[in-house]
Structure formats: structure tokens, C-alpha cells
Amino acid sequence: MSGIPYDEAEGLFRLGLVSLLFLLVLVLSRRRRLGIDRDFAFALVKGGSQLAVVAVLLTLIFVSDLWPLWTLLLLPFMMFIGGWTSARRTPDMPNPMMITTPSIALGSGSVLVFLFITGAIPPAPQFIIPLAGMAIGNAMIICSLTLDRLVREARLNRTRIETSLALGASSTQSIEPYETLSIRSALIPTLDSLRTLGIIFIPGAMTGLVLAGTSPIVAAQYQIIVYFMIVGGGIISSMTVASLARRRLFTHACQIEAWV
Amino acid sequence: MSVLEFENVHKSLGGHPILNGVDLKLQKGEVIAIVGPSGSGKSTVLRCANRLHDPDEGAIKFDGANVDGLDARQLRSQVGMVFQDSAMFPGTVRENISFGLTVRGVDDPRVVAKAVAKAAKVAAVSRRHLDRSASKLSGGEKQRVAIARALAIGPEVLLLDEPTSEIDPKRLRHIEDALVSMAREGKTSFLWVTHSADQARRVGDRIANLVDGRITQIAQPDEFDWGVAY
């Protein structure tokens, strides 16, 4: 067994055939007047185009002798995009990218370096880039969830926070319960999927490896490595963004900032 | 000697002017009752006094020192505040009352127990209620715990933002008398925001009328002209 048994041209043909299913779904949704056909088509074209660009880009990197350089350029770019996307969750906060980007970079970067040093990631772009994508993507989601929850909790509990400040608590002491709550709640989806790993669904990395012809046992081992990476990077990102956000929520005089 | 002094204090919030030149001097051991219509800036006056807000213009002095130059946490250990909304922290009544001591690192159980008992007595919080969950208290009980919580830190000035609106009359009079006694002993001075003219007369050494962010009248209760108040 050695991966999906067809080449690029045949792949394109199969893709065309499978698109008929998509057209059928589109017609059905239009007949039922679900109102999702336009959004669905747009999302598919956008997602498909992004994947096509990524596929071409990855192919060029994989065959280039300069792949370490391209990889070193690509990873910060991915972290930047992650930081920008996550920052859009808190439009009221001044310069949120200044906290989301470093949080995502620290979370995903530290676990990637650790996996690289331990040899869990072989030194090849085929391994580094997809795994970095997973680490950065998950760190971004967890970072967004943490930040969104923390700001909402600060707004909902404004009186309680100000009461504790008025009693002499530091900003760290007054926000701590909500910080903990935000970090925990942001990690719930990841922990739930970790608990049900292999029971409810076979996760992406393992599916990919099995499709590519890797033994299911090695694929499972790799999937666990991937989950360590996702959970580890997510926790680091979540704690970092919560800690950095705290400084944005309060002034130096332990007052809640006006934008909150 | 004034313990707290406002000099031409201006403050805007969200682009709207709230305080428009407040001048006020609170003497040591004095109770000033602040009255005025809703939205006149009464709460903002109190919030500026313990630096939950900083004024845009003017100065606030505590014991002669501009509060801008003081560490906010240090200031708040001497200028306490009770909010209109008595938000309770998770935990027991005892943990709530000792909160201000705990966050300052006071961990001697005897010191904490003594401060809690003393504050609870003034605020009419029964000893048998100390181990109850604070979140299950009624509105009036929460207000009493909030007063005890602010008293436990031993503030030199206590800012009270309508702190007794839900307290029953018997306990209300006990609390008013106990707080006024503290002022008479010169231990604590009070800025007491109230909507009740009767309460202002009972507790205030002077009554200040705040309208549109300005003190329009300040006088002793028997000289205060209620006809032009509000």
C-alpha cells in the first residue's frame, strides 16, 4: 500500500466526478430554498482556491534546495496570519495583534522546536510545514477562544473586579478567576476531542497517514505526538494571551481600561 | 485638617462630561452626605477619590498629597469604597469580609478574625452567618457584608455609594449610628452618597448637593436648603 493510487491528472478527473455530488447537493438546497447555496458555493471556491495555491507552493518548496529558508520565511508568515485572525475577535482592544501573534508564536513555536529537537519531526519540509500548520492553527483557535472569553468575563464581572480593586487587590489578583475560567473553557474542545480520540472520529493526521500508506500503528503513534503538540501549544498560547491581555485590561493604576 | 480634598475636578466618560469642577473638602472625622439627581456624577466623585478613575483636570488630595502620585493599591488600603451593587465573591461571608486582608497578604488568623469580628459587628452581620455562602444572601444581607468587607481593611476614609438601600430599618439605624460613632472618634471619615434626604440629615455633618457634576450647595443639615436642592 503506498498512498492514493492515482496521479495528478487522474486526480483532477476524479475531482471533477466528485464535483457532481456537490452540484447535486447545490440543486437540492436550492429546491428546498435553504438559502445556503450561494454561501456554500463561495466557501467551496474560496477554500478550493486556497488549497490549490497551497498545493503549488508546497510542491515548489518540497523540490527546492532552499527549503529551510522558505520554511523559515513561511512559518512566521503563518503565525502572523494566525495572530491577525485571532486579533479580529477583540476589535475594541487597542492593537490586539501585539498580544495574539506572540502568543501563537510562543505556543506553536515552542512545541515545534521541542518536537524537532526530540526527532519527532524529521528534518524535511513535508513534515515540518503541515505539522506547523496544525500547531499554529490550533494555537490560533485556542488563543481566540481564550481572548474572547476573557474580555466577555471582564465585562460581565466588571463590578466584582472593581470591588476587589477597591479592596486593594492587584489587577492580577482581581482578574485571576476569570483568566483561569477563560483558559479552561478555551481548552474544552481540544480536551474533549482528545478524550474521544479514535472512538468518535479518526483524526486528520492519522487519516492522512493511513491514506498515504503508513501502518495504522505508526499513524496512531504519530497522531498522539500531534495531539501532544496541539494540547501543549494550545495551553502555552492560552496562558500567554491571557497573561498579556491582563495588561491591556488594566491601567498601571489598577483601573479597568475604558475600552472594556 | 482636610483628609480628602477635591480641587476643581473635571472628568468625562465616553466623551460625556460627568464632573464639571468639583470642589470639596472632607475634614478628619467628618461625614459628608452627597445628594443629587441620578446621573449627576455622585458615583464618579467617589470613584475618583480612590483612583478607580483619574480626573481629566484638577486635583484630588489625600492627607495633603496628590493621589496621582500615590500608589493606587496603597491609597485604596486607606480610602475604602462600598459600591451600589454589592457584588459578592465566591466563598463564605467570612472569606468575603476578610478579602481585603487576604489580598494584602495578612495571614495571621488572629488578626484576621479580630478584624472580621469588629467589622461584622458594625455592619450588623451576625456571627452565625459568617460561614454561610455569600452568594445565597438576600440583597440587604449582601449590602451589610459589603460594608463589613470595606471596614475590615481599616480605612481612614470610607466612600459609600448608596450602600443601605435594601437594609431593614432596624439594622439600618444600627449601621448608621455605628459609622457615625467611628467618625466622632476621629477614626474614619465618610463621603456618603444617598438618595434619602432623611438619611442625609441623620448621618451628615454636612450635606453636599451635586447637580450636573458641580457642588451647588454644601451646608450643615439644619442650614441646608432642600427647597433648591436637586
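Everything numeric here is computed off the predicted structure, so don't read it as measured data.

Thoughts on the overall build of chain B
And step 1. Of the regular secondary structure elements, chain B holds eight helices and 10 strands.
And step 2. Computed over C-alpha atoms, the radius of gyration of chain B comes to 17 Å, within 12% of the 17 Å expected from 2.2 N^0.38 for 230 residues, which places it in the range of a compact globule.
And step 3. Dimensions of chain B along its principal axes, counting C-alpha atoms only, are 45 × 40 × 35 Å.
And step 4. A separation threshold of at least 6 residues defines the contact pool for chain B, and within that pool the share at least 24 residues apart is 69%.
And step 5. Element-wise, carbon and sulfur atoms account for 48% of the exposed surface of chain B, whose accessible area totals about 10100 Å².
And step 6. Of the charged side chains in chain B, 31 are positive and 30 negative, and the gap between their average positions amounts to 8 Å.

A word on the overall build of chain A
And step 1. When helices and strands are counted, chain A shows nine helices and zero strands.
And step 2. Start at the N end of chain A and walk to the C end: the helices and strands fall as α-α-α-α-α-α-α-α-α.
And step 3. By its C-alpha atoms, chain A is 70 × 55 × 35 Å across when sized along the principal axes.
And step 4. Buried residues in chain A amount to 38% of all 260 residues.

Here's the deal with the domain arrangement of chain A
All names here are of chain A.
And step 1. On domain assignment, one finds that chain A holds domain 1 (1-63) and domain 2 (66-249).
And step 2. Placing a centre on the C-alpha atoms of domain 1 and another on those of domain 2 gives a separation of 28 Å.
And step 3. Tallying the contact residues gives eight residues for domain 1 and 11 residues for domain 2.
And step 4. The interface formed by domain 1 and domain 2 contains zero salt bridges.
And step 5. On inspection of domain 1 and its partner domain 2, the count reaches zero residue pairs in polar contact (both at pLDDT 80 or more).
And step 6. Taken together, the residues of the side of domain 1 that touches domain 2 break down into six nonpolar, two polar and no charged.

What to know about a nonpolar patch on the surface
Residues and elements named next belong to chain A.
And step 1. Residues Phe13, Leu17, Val18, Leu20, Leu21, Leu23, Leu24, Val25, Leu28, Phe40 and Leu44 make up a contiguous nonpolar surface patch of about 1000 Å² in total accessible area.
And step 2. Where the nonpolar patch is concerned, the elements lending two or more residues are helix H1 (8-31) and helix H2 (37-63).
And step 3. Top element by residues in the nonpolar patch is H1. It accounts for nine residues.
And step 4. Tracing the backbone shows Leu20 in helix H1.

Observations regarding the interface of chain B and chain A
And step 1. With 22 residues of chain B in contact, the opposing surface of chain A contributes 15 residues.
And step 2. In total, chain B and chain A occlude about 1700 Å² of area from one another, counting both sides; carbon and sulfur atoms represent 58% of this.
And step 3. If you sort the residues of chain B by the area they bury against chain A, Arg73, Arg76 and Phe83 of chain B come out on top, with a joint share of 29%.
And step 4. Measuring nitrogen to oxygen at the nearest pair gives 2.6 Å for the salt bridge that ties Glu162 of chain A to Arg47 of chain B.
And step 5. Elements supplying a minimum of two residues to the side of chain B that touches chain A: helix H2 (72-76), helix H4 (99-102) and helix H6 (139-151) of chain B.
And step 6. Here the side of chain B that touches chain A is built from residues that sort into 11 nonpolar, three polar and eight charged.

Some remarks on the packing of aromatic side chains
Residues and elements named next belong to chain A.
And step 1. Per the counting criterion, the structure on display carries three aromatic pairs over all chains.
And step 2. Centre to centre, the rings of Phe22 and Phe40 are 5.3 Å apart; their planes meet at 65 degrees, and the pair counts as edge-to-face. Residue Phe22 is located in helix H1, and its partner Phe40 is located in helix H2; the two are separated by 18 residues in the primary sequence.

Focus on unusual backbone geometry
Residue and element names in this part refer to chain A.
And step 1. Although it is not a glycine, Arg33 sits at a positive phi angle of roughly 50 degrees.
And step 2. Within the secondary structure layout, Arg33 lies in the loop between H1 and H2.
And step 3. The class for Arg33 is exposed, based on a relative accessible area of 77%.

Comments concerning the environment of Thr216 of chain B
Residues and elements named next belong to chain B.
And step 1. Secondary-structure assignment places Thr216 in strand E10 (residues 214-219).
And step 2. For Thr216, a relative accessible area of 48% translates into the label partly exposed.
And step 3. Here the alpha-carbon distance between Thr216 and Val22, two residues 194 residues apart in the chain, equals 9.4 Å.
And step 4. Sequence-distant contacts of Thr216, that is, excluding residues within four places in its chain, are made with Asn209 and Val211.

Some words on the pairing of strand E7 (residues 157-161) of chain B
Residues in a regular strand project their side chains so that they alternate between the two faces of the sheet.
All names here are of chain B.
And step 1. Among the five residues in E7, five count as buried, and that is most of the element.
And step 2. Burial along E7 is two-sided: Val157, Leu159 and Asp161 facing one way and Leu158 and Leu160 facing the other are all buried.
And step 3. Across four bridges, strand E6 (residues 79-82) lies against E7 in parallel orientation. Counted as the bridge partner of Val79 is Val157 from E7.
And step 4. Bridge count between E7 and strand E8 (residues 189-193): five bridges; the pairing is parallel. Across the sheet, the residue bridging to Asp161 is Val193, located in E8.
And step 5. Handedness of the β-α-β unit built from E7, helix H7 (residues 169-184) and E8 comes out right-handed.

What about the sheet that holds strand E9 (residues 206-211) of chain B?
All names here are of chain B.
And step 1. The strand order across the open sheet formed by six strands is E6-E7-E8-E3-E9-E10, and the pairing between neighbours is mixed. In this open sheet, the two strands that pair with only one neighbour each are E6 and E10. Ignoring which end each strand starts from, the neighbouring axes of this sheet average 20 degrees apart.

Concerning the pairing of E8 of chain B
Residues and elements named next belong to chain B.
And step 1. For E8, the tally of buried residues reaches five of five residues, placing the bulk of the element in the interior.
And step 2. Side chains Ser189, Leu191 and Val193 project from E8 onto one buried face, and the interleaved Phe190 and Trp192 project onto a second face that is buried too.
And step 3. As judged from the four bridges shared by strand E3 (residues 31-35) and E8, these two strands associate in the parallel manner. Considered in E8, the bridge of Ile34 is made with Val193.

Comments concerning the side chain of Arg144 of chain B
And step 1. Its place among the elements puts Arg144 of chain B in helix H6.
And step 2. Once you skip the residues sitting within four places of it in the chain, Arg144 of chain B turns out to touch Ala123, Ala124, Val125, Ile167, Asp168, Arg171 and Ile175 of chain B.

What to know about the sheet that holds strand E5 (residues 65-66) of chain B
Residues and elements named next belong to chain B.
And step 1. Taken in spatial order, the four strands of this open sheet run E2-E1-E4-E5, and their pairing is antiparallel. The sheet is open, and its two edges are formed by strand E2 (16-27) and E5, each paired on a single side.
And step 2. The pairing of strand E4 (residues 57-62) with E5 spans two bridges and is antiparallel. Each bridged residue has a counterpart across the sheet, and for Phe62 the counterpart in E5 is Ala65.

Scoring rules and cut-offs
Within every chain, residues take consecutive numbers counted from 1 along the sequence as written. Ligands are numbered from 1 and chains lettered from A, in the order in which they are written. Local features in this predicted model are restricted to residues of pLDDT 70 or higher, and side-chain atom pairs are both shown and tallied only at a pLDDT of 80 or more, whereas totals for entire chains, interfaces and linings draw on every residue. Only hydrogens and water are set aside; all other atoms, that is, all heavy atoms of the structure, feed into the side-chain values. Strands are runs of DSSP state E lasting at least two residues, helices are runs of H or I lasting at least four, and both sets are numbered from the N terminus onward. A radius of gyration in this sense is built from C-alpha atoms; the matching globule rule multiplies 2.2 Å by the number of residues raised to 0.38. In what follows, residue pairs with any heavy atoms lying within 4.5 Å of each other are defined as contacts. Areas reported as accessible are Shrake-Rupley estimates using a 1.4 Å probe. Residue values count occlusion only from the protein chains shown. Neither His nor the chain ends contribute to the count of charged residues, in which Lys and Arg are positive and Asp and Glu negative. Where a charge sits is defined by one atom per residue type, namely NZ (Lys), CZ (Arg), CG (Asp) or CD (Glu). Relative accessibility decides the category of a residue: with a 1.4 Å probe and only protein chains considered, values under 20% of the type maximum give buried, values over 50% give exposed, and everything between is partly exposed. Boundaries of every domain are those given by an automatic assignment or by a domain database. Here, a salt bridge means any side-chain nitrogen of Lys or Arg that lies within 4 Å of a carboxyl oxygen of Asp or Glu. As used in this structure description, the phrase polar contact means that two N or O atoms lie within 3.5 Å; if the pair is within protein, one of them must be able to donate a hydrogen and the other to accept it, and residues adjacent in sequence are counted only when both atoms belong to side chains. Side-chain classes follow a simple rule in which Ala, Val, Leu, Ile, Met, Phe, Trp, Tyr, Cys and Pro form the nonpolar group, Asp, Glu, Lys and Arg form the charged group, and the remainder, Gly included, forms the polar group. Patch construction takes residues with relative accessible area above 30% that form no salt bridge. Like charges are linked within 9 Å, and nonpolar side chains (Val, Leu, Ile, Met, Phe, Trp, Tyr) are linked within 5 Å. Computed with a 1.4 Å rolling probe, the buried area is the accessible surface lost when two parts are put together, summed over both parts. Aromatic rings from Phe, Tyr and Trp, with only the six-membered ring used for Trp, were paired whenever their centres fell within 6.5 Å, and each pair was classed as stacked if the ring planes differed by under 30 degrees, edge-to-face if by over 60, and tilted otherwise. We treat two strands as partners when DSSP finds at least two bridges between them. Throughout, right-handed denotes a crossover for which the path from the first strand over the helix to the second runs clockwise when the strands point away from the viewer. Note on definitions: angles span 0 to 180 degrees between N-to-C directions of axes, and those axes are lines fitted to C-alpha atoms, for helices only across the stretch in contact.

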